Amino acid sequence: MSTKPIEGRMTAAGQDDVVVFLIGMRINSFAALRSWLPVAKAMGPMLAELSREKGSGLLHYQTLLGFPRVLYLVQYWDSKEKLLAYASAPDKRHRPAWAAFNRRLREGRGKVGFWHETYVVPAGSYGSIYLNMPEFGLGRATGVVPVGRRGDRAAERLRMS
């Protein structure tokens, strides 16, 4: 991924359904390092596994920080079926990480919080614009094209499928 800004107005090239998966944790007690640090460290190996496997369904992810207590990821998937398959696969890293996290959550007595949200977004129901930005978010997941190819106004881009 280039970090060099692309001059002008761009939009995500993708025109298919997309699944947006948000997942994160909130550190409720910074002193409870044993509760939250393993949770924070568990995501890296899962993302590496998904990134290595062509066809996993993960298109792109972006790590974000809600200063000072919240860490979260925005993930873009090509289907809910692939997301759910990964989450339940007995031979992948998610299942043991989830079991370990649940143990820590019970033992930690509220010292770390966890959340996730999943949005299945049909083709033609999302829009994007990037002004003088490198590929970012959905544009990083699907590539970018000049805004004029998909419509100059947001309403035009949302009507396209």
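If you're wondering where the values come from, they're calculated on a predicted model, not measured in any experiment.

## With respect to the side chain of glutamate 49
Topologically, glutamate 49 is positioned in helix H1 (residues 33–52). In this structure glutamate 49 is buried but unpaired, with arginine 93 as the nearest side chain of opposite charge at 4.6 Å. A polar side-chain atom of glutamate 49 sits 2.5 Å from a polar atom in the side chain of tyrosine 86. With sequence-adjacent residues up to four places away left out, glutamate 49 is seen in contact with Tyr86, Asp91, Lys92 and Arg93.

## A few points about a nonpolar patch on the surface
Together, Leu65, Phe67 and Leu71 make up a nonpolar patch on the protein surface, roughly 350 Å² of accessible area in all. Among the secondary structure elements, phenylalanine 67 is positioned in the loop between strand E3 (58–66) and strand E4 (70–77). Its relative accessible area of 72% is what places phenylalanine 67 among the exposed residues.

## Some points on the packing of aromatic side chains
Inspection of the entire model under this criterion finds five aromatic pairs. With a centroid separation of 5.0 Å and an interplanar angle of 50 degrees, the aromatic rings of phenylalanine 101 and phenylalanine 114 are classed as tilted. In this pair, phenylalanine 101 is assigned in helix H3 (residues 94–108) and phenylalanine 114 in strand E5 (residues 112–121), connecting sequence segments 13 residues apart. Here phenylalanine 114 falls in the partly exposed class, since its relative accessible area comes to 30%. Aromatic rings pair up to connect Trp98, Phe101 and Phe114 into one cluster.

Calculation notes
- Residues numbered from 1 in each chain as written.
- Predicted model: local features only at pLDDT ≥ 70, side-chain atom pairs only at ≥ 80, totals over all residues.
- Heavy atoms only, no water.
- Helix = DSSP H or I, 4+ residues; strand = E, 2+ residues; numbered from the N terminus.
- Buried < 20%, exposed > 50% of the residue type's maximum accessible area, 1.4 Å probe, protein only.
- Lys, Arg positive; Asp, Glu negative; His and termini not counted.
- Salt bridge = Lys/Arg side-chain N within 4 Å of Asp/Glu carboxyl O.
- Polar contact = N/O pair within 3.5 Å; in protein donor to acceptor, adjacent residues only side chain to side chain.
- Contact = heavy atoms within 4.5 Å.
- Patch = residues over 30% accessible without salt bridge, like charges linked within 9 Å, V, L, I, M, F, W, Y side chains within 5 Å.
- Areas by Shrake-Rupley, 256 points an atom, 1.4 Å probe, with all protein chains shown as cover.
- Phe/Tyr/Trp six-rings, centres within 6.5 Å; stacked < 30°, edge-to-face > 60°.

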